[in-house]
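Listed here are the chains, written in short residue letters.
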Amino acid sequence: MWAGRVGCRRGSAGQGDPTDTAERQEGPAPAMEGRQCYDLLVIGGGSGGLACAKEAAQLGKKVAVLDYVEPSPRGTRWGLGGTCVNVGCIPKKLMHQAALLGVMIRDAPHYGWGVAQAPHDWATMADAVQNHVKSLNWGHRVQLQDRKVKYFNVKASFVNTHTLCGVSKGGEETLLSAEHIVIATGGRPRYPTHIEGALEYGITSDDLFWLKESPGKTLVVGASYVALECAGLLTGLGLDTTLMIRSVPLRAFDQQMASLVIEHMAGHGTRVLQGCAPERVEKLPGRQLRVTWVDLASDRKDAGTFDTVLWAIGRVPETASLNLEKAGVRMNPVTGKILVDAQEATSIPHIYAIGDVAEGRPELTPTAIMAGRLLAQRLSGQTTDLMDYNNVPTTVFTPLEYGCVGLSEEAAVARHGEEHVEVYHAFYKPLEFTVPQRDASQCYIKMVCLREPPQLVLGLHFLGPNAGEVTQGFALGIKCGASYQQVMRTVGIHPTCAEEVAKLRISKRSGLDPTVTGC
Amino acid sequence: MSSNHLILCHPLLLQSFPASGSFPMNQFFASGGQSIGSFSFSISPSNEYSELILDWFDRSPGSLRDSQESTSELRRRLLGLIEGHRVVIFSKTYCPHSTRVGGQDEGASVQEVLSEITNQRTVPSIFVNKVHVGGCDHTFQAHQSGLLQQLLQQGPAYDYDLIVIGGGSGGLACAQEAAVLGRKVMVLDFVVPSPRGTSWGLGGTCVNVGCVPKKLMHQAALLGQALTDSRKFGWEYSQQVRHSWATMTEAIQSHVGSLSWGHRLALREKAVTYVNSYGEFVEHHKVKATNEKGQEAFYTAAKFVIATGERPRYLGVEGDKEHCITSDDLFSLPYCPGTTLVVGASYVALECAGILAGLGLDVTVMARSVLLRGFDQEMAEKVGASLQQLGVRFLRKFVPVEVQQLEKGLPGRLKVVAKSTEGPETMEGVYNTVLLAIGRDSCTKKLGLEKIGVNISEKTGKIPVNDEEQTSVPYVYAVGDVLEGKPQLTPVAVQAGKLLARRLFGGRSEKCDYVSVPTVVFTPLEYGCCGYSEEKAGEVYQAENLNVYHTLFWPLEWTVACRDSNACYAKIICNKLDSDRVIGFHVLGPNAGEITQGFAAAIKCGLTKQLLDDTIGIHPTCGEVFTTLEITKASGLDVTQKGC
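- In the annotation of an unreviewed UniProt entry, the entry for chain B reads thioredoxin-disulfide reductase (NADPH), and the organism field reads Moschus moschiferus.
- Quoted verbatim from the Sequence similarities (unreviewed entry) field of the UniProt record, the comment on chain B reads "Belongs to the class-I pyridine nucleotide-disulfide oxidoreductase family."
- Taken verbatim from the UniProt record of chain B, the Cofactor (unreviewed entry) comment is "FAD".

- Where an unreviewed UniProt entry is consulted, chain A appears under the name thioredoxin-disulfide reductase (NADPH), with the organism given as Moschus moschiferus.

### Structural notes on the UniProt feature "domain: FAD/NAD(P)-binding" (unreviewed entry) in chain B
Point 1. Cross-referencing UniProt, the feature "domain: FAD/NAD(P)-binding" (unreviewed entry) maps to residues 160–497 of chain B in the present numbering.
Point 2. For residues 160–497 of chain B, the end-to-end C-alpha separation is 17 Å, with 33% helix and 26% strand making up the annotated structure.

### Thoughts on the interface of chain A and chain B
Point 1. The interface of chain A with chain B comprises 78 residues on the first partner and 78 residues on the second.
Point 2. Roughly 6900 Å² is buried in total at the junction of chain A and chain B, and carbon and sulfur atoms are behind 70% of that figure.
Point 3. For the pair chain A and chain B, the number of links is three salt bridges.
Point 4. Note that Lys215 of chain B and Glu432 of chain A form a salt bridge whose closest N and O atoms lie 2.8 Å from each other.
Point 5. Where chain A touches chain B, the interface holds 23 residue pairs in polar contact (both at pLDDT 80 or more).
Point 6. Secondary-structure elements contributing two or more residues to the side of chain A that touches chain B are helix H3 (89–107), helix H4 (122–146), helix H10 (365–379), strand S18 (394–396), helix H12 (431–434), helix H13 (467–479) and helix H14 (484–489) of chain A.
Point 7. Residue composition of the side of chain A that touches chain B, by class: 42 nonpolar, 26 polar and ten charged.

### Digging into the UniProt feature "active site" (unreviewed entry) in chain A
Point 1. The UniProt record marks His494 of chain A with the feature "active site" (unreviewed entry), using the residue numbering of this structure.
Point 2. Locating His494 of chain A in the fold gives a position in the segment after H14.
Point 3. We classify His494 of chain A as partly exposed; its relative accessible area is 23%.
Point 4. The residues contacting His494 of chain A, other than those within four sequence positions of it, are Glu499 of chain A together with Cys206, Cys211, Val212, Thr490, Pro491 and Phe522 of chain B.
Point 5. In this structure the side chain of His494 of chain A is engaged in a polar contact, spanning 2.8 Å, whose partner is the side chain of Glu499 of chain A.

### Details of the pattern of salt bridges
Residues and elements named next belong to chain B.
Point 1. According to the stated counting rule, one finds 46 salt bridges over all chains in the structure shown.
Point 2. A salt bridge links Arg581 to Asp578; its shortest N-O distance comes to 2.7 Å.
Point 3. Judged by its relative accessible area of 28%, Asp578 falls in the partly exposed class.
Point 4. One network of salt bridges, with partners in common, ties together Asp376, Glu378, Glu534, Lys571 and Lys633.

### Details of the sheet that holds strand S3 (residues 131–134) of chain B
Residue and element names in this part refer to chain B.
Point 1. One open sheet accounts for three strands, arranged S1-S2-S3; its pairing is antiparallel. On the outer flanks of this sheet lie strand S1 (87–90) and S3, each paired with one strand and no other. Across the sheet, the mean angle separating the axes of adjacent strands is 25° when strand polarity is ignored.
Point 2. By the bridge criterion, four bridges tie S1 to strand S2 (residues 125–128) in an arrangement that is antiparallel. Its bridge partner being in S2, Phe90 is matched across the sheet by Ser125.
Point 3. Where helix H6 (residues 136–145) meets the sheet, it contacts S2 and S3, and its direction lies at approximately 105° from that of S3.

Criteria and thresholds
Residues numbered from 1 in each chain as written. Chains lettered and ligands numbered in written order. Predicted model: local features only at pLDDT ≥ 70, side-chain atom pairs only at ≥ 80, totals over all residues. Heavy atoms only, no water. UniProt positions renumbered as here; feature names shortened; annotations may be inferred. Helix = DSSP H or I, 4+ residues; strand = E, 2+ residues; numbered from the N terminus. Contact = heavy atoms within 4.5 Å. Buried area = accessible area lost by both parts, 1.4 Å probe. Salt bridge = Lys/Arg side-chain N within 4 Å of Asp/Glu carboxyl O. Polar contact = N/O pair within 3.5 Å; in protein donor to acceptor, adjacent residues only side chain to side chain. Nonpolar A, V, L, I, M, F, W, Y, C, P; charged D, E, K, R; others polar. Buried < 20%, exposed > 50% of the residue type's maximum accessible area, 1.4 Å probe, protein only. Pairing = 2+ DSSP bridges. Axes fitted to C-alpha atoms, helices over the stretch in contact; angles between N-to-C directions.

Structure representation (structure tokens):
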């Protein structure tokens, strides 16, 4: 596909046969003279890789980072820092903020500000966002330099269990070997394989944040949080946006919350087509795209015209070009992700994988960072602590943000049985919504607890403004083993949305009405 | 034989219970005398009484002593006895066995707890219908004055089970909860107009002239900032954006009005009687309620809750009441205040200054001394600096001595003469509006409290209560801002009010926990905190036993907007001697209110630095900064962030 498998050319030393794993037992081959030796090599300069590299260097190790961004099929490329900085969290949250500011501009007249509805200029925003991202790229370079981490802008692949070959943009090769190797290459957006025109005409989140011009009328395909976030921010920026979902949105998240998120998006201008699957993308004369899709329930075909089609149907781990076979690193054949143990070690004990490329790990920047740092500390003998992947909080930055930590209601019931789970919930109205009379029908909180005293909190789900900020502290509470009673005994901060969490009195079991009563 | 005191009481009580001729007093005495280790006993004419005695004595030699029952448990049990019986007398017997069973030990603690409850150290200590009448002399007096008879006849004789004076957050919460528990409840609420004539409806400070309108105006100010930011995020509007004070206040007042109405509906739904009258005690268990027209009515109740809150203080200098406004007036001011002098350094002062500056007005703050006294002073100074950055001018160490009107108008022009607190220096300034926010005085002086003997602090005018919100008069309780030494916050008052009602009428024992209460100052850059300030933590634990972790941070949203990269600050204070437990949490930044709440819950659950380090951040948020704090103050390392 777009990330073509590139074998490491080692000049005269014979083309590596991808199936040849004989070398891996032998250590560095004698033919590799002139290679550079390190204590630790990190493949991938994203959040996890950089954190690991910097921490190891700090602890006195000789470290190099190999990072190379394969351009997207549409030719988008970026600098050091990985997905989060370049095509993930950072530009996403900034564009989300731009969209929120649009809402604030609409609110402002109610609060006395004499401002008319303003048009939005994509180019201005994109320029500002991209400049910030570039400054972060630069910042990462400087940080590596400060910590004496060697940075190679090369595409890496395994030669054997201790050796990597790095190929630069110009085709120059470098051989590097190390005692420990960390794979942190992350993932890239998936393109559909059976949809005509998908690859030729579609873009992904890799391209969206680097577009110089507005995407215009956009079809976002997918049910992932990336899909929902992109559709939400495009709608917020005033673009005609359609979100097409094949089955359920936000799979693996709490499904009641997921439907509320979708309900809110639909109520705020995103056209949501649920139970539909695209079949074909065609280019019309004059740049526009015609998309044909099928309604899976009725089998009825429909079509629409868009300026942009954005695929957000999932991500594939970036392992294809690593020649993992050479080192004998095992992958899950279905997901393509690298199998790891609790130490983050792969099937080869001195080769590790962290972040989105590792099987079964949450695909989140802060987890990758923490895993990377802990790994570096363990490698340097500073600690034996393992990364705890439980109760990782996260937030979906849809126009109405959804923050959660711990178990979904479904997962709690599956784990403990319905009769042992008590769910406290409430709809609420943020004070700031009152004056501009914004609709708060989806502002909702639920806390999933064990039913038996002391009613340990298993999960918290918060849908509302600033959900990210609200959720963080409660994530700590859950880490501290908070009980329902303890949360209820916490005095609220008035008037905030977060205080509603400390006022959850109605259990689902009681059947009482959780909707807002008056004020 | 029993004590002399009881013998003195004996005829009186017989007299008081004409229907109890066969009142088993002697039997009781005998019982008291024969019971092993009887130290204290109670008395009541009913049959349940004897059970009580047995229970008491059965328990006292064993469980009371051996289990070293904590004071609070003992206290709860004593209160339970008092609550559950018409007449209870605590006294001493000189039982020959008492020494043998160690009765003196628990006797001392009973006496200790009793004196806490009643402020009376001596025995006998007599309760009639849950009211502490006093000792022997008091009981005689009460008998002569008729109070004793009144007390004995009470119950159904009172108009209400509970009268709450003050319809603010705490009062309403208490009243509604009591009503839900099936009691007959009345709320007396009356807003004395401010010197400028501002008045409002039911709901108290928070709803009408506090949190709610304040937060909405804060939001208006934040939207002003958002408008400036939004240009950088691609939103295009070229025209000069002006702010209309009238549009804003109308919208806010309409919301406040709806809340006030909502409170009335809620009272009606729960069958709480609401009377829009000023309540004051005229005698025990009786208040006079005076309405706007001066019409008086009298109501009695078994129990009272004082929840009258506070009102802004005036300077006491020439021209202040005539020409200055306070936060009571600001939120419904019918005209834009224009160039404003805010006098004071309280959170109210800084919040108001921030709002006005955020709306584009020229604002000066005159502060006598430190900003945000009682808060962490490093944070307070940073809050001040953030206001300064917004264009607020500060005049520190000056106090106004005179306010003159130069010109009438809406707003007019006022000349303020101020004097240095450090020397003879004076200064003058001309403003459209002078807003006083120098503190608040509790509304306790005109409640007739002296008539029934409710103590108030002479210095502060506040009402001291025990840990069950009980005043010096046992049937009178107080919640909210009138309490001495308690946080003055709506959610605290609400919680205290609810729990009080549940204890009084619901058989519950949970008390309001006033420790580690989170709070937020809604200045344009919000400041949230929970637990100790650095200063206080140093006093309590010694500075060398503390680890203070801190950092400046640059919210992601501020980068594109090119806002200051070193204005936001996060700090936690940890106790080294207690596994680096987090005892103070401070954050200055956008949405501090939303951030702080969850951390407060975590602190309640015993948050430590290790747990902070182990918790994964939510990226990209401001709150995540607390999961990656590395630099201690002691290290002296640089915490500044690189900017645009």
